Protein chains: 2
Amino acid sequence: MATIEDVAKLAGLSRTTVSRVINDQPYVTEEKKQRILQAMDELGYVPNSSARRLRSQRTDTIAVLLPRITNPFFANLIESMEKKASQWGYQVIVCQTHDSEKKELDYLQLLKTKQVDGVVMTSLCNDWEVIEPYLESGPIVLCNEYMEEMAVPMVHMDHRKAAYESTIHLIDQGCKNISYVSGGSDTYLAEERKTGFLKALEERALPFLEAASVDWAIHVEDGRKVFNHIKDHHPIIDGVFTGSDEVAAGVVYEAVQAGWNVPDDLAVVGFDNQMLSLLMFPSVTTIDQPVAKMADRTIEVLVRQLMNPRANKARRYIYSHKLLVRNSTLKKQLVTNL
Amino acid sequence: MATIEDVAKLAGLSRTTVSRVINDQPYVTEEKKQRILQAMDELGYVPNSSARRLRSQRTDTIAVLLPRITNPFFANLIESMEKKASQWGYQVIVCQTHDSEKKELDYLQLLKTKQVDGVVMTSLCNDWEVIEPYLESGPIVLCNEYMEEMAVPMVHMDHRKAAYESTIHLIDQGCKNISYVSGGSDTYLAEERKTGFLKALEERALPFLEAASVDWAIHVEDGRKVFNHIKDHHPIIDGVFTGSDEVAAGVVYEAVQAGWNVPDDLAVVGFDNQMLSLLMFPSVTTIDQPVAKMADRTIEVLVRQLMNPRANKARRYIYSHKLLVRNSTLKKQLVTNL
DNA sequence: TCGCCACATCTTCAATGGTAGCCATTCATA
DNA sequence: TATGAATGGCTACCATTGAAGATGTGGCGA
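Given the structure is predicted, the values throughout are model-derived calculations rather than measurements.

Chemist: Can you help me understand empty space enclosed by the protein in this one?
Modeler: Over the atoms, a rolling probe the size of a water molecule traces out where space has been left empty. Across all of its chains, the model carries 3 cavities of 30 Å³ or more by this definition. Empty space within the largest cavity amounts to approximately 110 Å³. Looking at the largest cavity, the residues that line it are R53, T61, Q91, I93 and Q115 of chain A together with R53, T61, Q91, I93 and Q115 of chain B. Listing elements by their share of the lining of the largest cavity, those giving two or more residues are β2 (91-96) of chain A together with β2 (91-96) of chain B. Residue composition of the lining of the largest cavity, grouped by class: 2 nonpolar, 6 polar and 2 charged.

Written out as structure tokens, the structure reads:
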């Protein structure tokens, strides 16, 4: 493996001059530049990334923390972030926390060990008080997940409004007994959704059926269990609010298997407009988030912070949802495909 | 940010002794070790990763190259690889090539810049001749994708056999005119699938309907287009072999929308046993790969190579598939759910 | 014409944070 | 007596770049 020393010797110049050519810095004549480029080519020279990072104190790398890439919402979010980061000359590394407080802190350690320049957090496992000290080692931006406190930039959708609207939709479709199905996370985002849900119930003078609600549903399989739980213990339930399309898909699938009519016996709403929600039969009513826009903004905000560390502007970037009404909630009407 | 120098001073020892404690090396008394650990704690010292990598010439990091994480097959593969790599003290970085030759080479550059110790390639965009020189910079293991030439370790399923069996299944279900739907990739794996498909046709004396076959189907949307193409131009087609559940889902969805009876009018097989294939109506017959096993083996093989660079053992680890028969192919029988 | 200053172009030196290798001393064992 | 292990320190190095220094040239003013 050739080093910059080898290139300098072959070109008959100093290492610093070679470095200037590599980094496109001024004060090197064109003739010497060509000599250096040729020497690099002959030797197959490639800069050593560790050396550059150590000396320059920069990695040009961003870590994105998320729960699971097997959740298509996060897979799509990463997809867009990578594209945007690459445009700014940054590399993205994907860190799956699997909703573990420990893992989240392990990954935040990347800031301390100087393996990344900044971090995007798409979920929050630890309390903010635990995370905040890491800001000393580099900037953090929240995307998707958010909190009341304005400590760092946050890019997200209004989850309260989204939950409110999809619950109103369920109620408008005639649902009177609605189950609230969540993943049990006690984050602010989860609270917001529930607040929106409860607000809709309150406005329409419907009771919150806490006993029929579930706080352990994350995967499709969980959704199937949710349905069976409702069928066996709360058969009066005629509507289900879920926090993800995966769970909604599980509920719908199991209900259909059990011979229930969806949505007449049970209406279901999901979240995130995953491909699954369209392809199911019946197709699932869901909330669409502007994933690409949020991803782009997130990277932009973080990179600006890296370029200008003094401009520590903590602010919110709030995006609107879209309710996609499909067959899992449309009752007593001619079933048409949307 | 404290350095090892600061810790050494506070502990009243040399940097080397501190380093020995950090790296769990011998020849440091327990008393001195405690002094060092305490000093590290007081100073909040964290080793600088770039410095360690530069000096030790190791990153303890593995790059996994894959086409898209939005494809659940690869998302699940990564999930398992990360778990396994972590057990061996390695970090995984995810590199999406999006089937681009250029991106693939860009990521292989990580070997040359010393940003990763080894690479797992789950697909092949470039010819092997282009990739082989990178072996000088670090080991490469193929997982999922494979080639005839035994140049590096390869961990994969027998795609020929899998394609053969699912095609025979289509034929056994009465299909006489089968469309071969692929993504157009000209890799060995793609060839193997086609070979298995053609072998099944040949054994059952059925013609290969090249004009009705498609080589541009990757996403769900493509699958929908495939169906419309068949409906409009090749209505005699009564069976579709696809290389992925996403494509199969698109075909099935569009066929049902068009009022076709699946599988009586058109039987469809997918690949990879994505959740989608179970939740569709009708559920999609598919091929299941032992994803976790292949992932584990891949990491193990690569890590062993990193630990013992001389043991450059290029060999194949071949895994069997499982055909999951579901409703998209079961004809003329009582429709029961599997 | 000469001296001074600014700029251009390069080189030299040192720094980044950590660790690999070698050395010195002492003690125990064959 | 010779050798190896234990316990630590010192030195140099890993590959690159940031900062300072050296040198030459051109322009301007006295």
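Chemist: Help me out: how do you make sense of the relation of the copies chain B and chain A in this one?
Modeler: Copy one and copy two of the chain differ by a rotation about an axis and a translation along that axis. If you rotate chain B by 180° and push it 0.0 Å along the axis, it lands on chain A with an RMSD of 0.1 Å. Taken together, the rotation and translation relating the two chain copies correspond to the operation of a two-fold axis. A high fraction, 100%, of the interface residues of chain B reappear at the interface in chain A, so the copies pair face to face through one surface.

Chemist: How should I be thinking about the pairing of strand β5 (residues 154-157) of chain B in this particular structure?
Modeler: As a general feature of sheets, a regular strand has side chains that alternate between the two faces. All names here are of chain B. Burial of β5 is two-sided: the residues M154 and H156 facing one way and the residues V155 and M157 facing the other way are all buried. Note: strand β4 (residues 140-143) against β5, 2 bridges, orientation parallel. Among the inter-strand pairings, L142 is bridged to a residue of β5, identified as M154. Relative to strand β10 (residues 316-319), β5 is paired through 4 bridges, and the arrangement is parallel. Looking at β10, one finds that V155 is bridged to Y317.

Chemist: Is there a simple way to explain the interface of chain B and chain A in this structure?
Modeler: Accessible area lost upon the coming together of the parts is a frequently used measure of interface size. Across the contact, 42 residues belong to chain B and 42 residues belong to chain A. Overall, the association of chain B and chain A removes approximately 4,000 Å² of surface from exposure, summing both partners, and the carbon and sulfur fraction of that is 59%. Connecting chain B to chain A are 0 salt bridges. Inspection of the region where chain B meets chain A yields 9 residue pairs in polar contact (both at pLDDT 80 or more). For the side of chain B that touches chain A, the elements supplying multiple residues, two or more each, are α4 (49-56), α5 (72-87), β2, α6 (101-112), α10 (220-233), α11 (245-257) and α12 (275-279) of chain B. Of the residues in the side of chain B that touches chain A, the class split is 21 nonpolar, 14 polar and 7 charged.

How each quantity is defined
Residues numbered from 1 in each chain as written. Chains lettered and ligands numbered in written order. Predicted model: local features only at pLDDT ≥ 70, side-chain atom pairs only at ≥ 80, totals over all residues. Heavy atoms only, no water. 1 Å grid on protein atoms, 1.4 Å probe; cavity = no way out; pocket = protein on both sides within 12 Å on 5 of 7 lines; lining within 4 Å. Points joined across faces, edges and corners; volume = space filled by probe spheres on them. Helix = DSSP H or I, 4+ residues; strand = E, 2+ residues; numbered from the N terminus. Nonpolar A, V, L, I, M, F, W, Y, C, P; charged D, E, K, R; others polar. Least-squares fit on C-alpha atoms with pLDDT ≥ 70 in both. Contact = heavy atoms within 4.5 Å. Buried < 20%, exposed > 50% of the residue type's maximum accessible area, 1.4 Å probe, protein only. Pairing = 2+ DSSP bridges. Buried area = accessible area lost by both parts, 1.4 Å probe. Salt bridge = Lys/Arg side-chain N within 4 Å of Asp/Glu carboxyl O. Polar contact = N/O pair within 3.5 Å; in protein donor to acceptor, adjacent residues only side chain to side chain.

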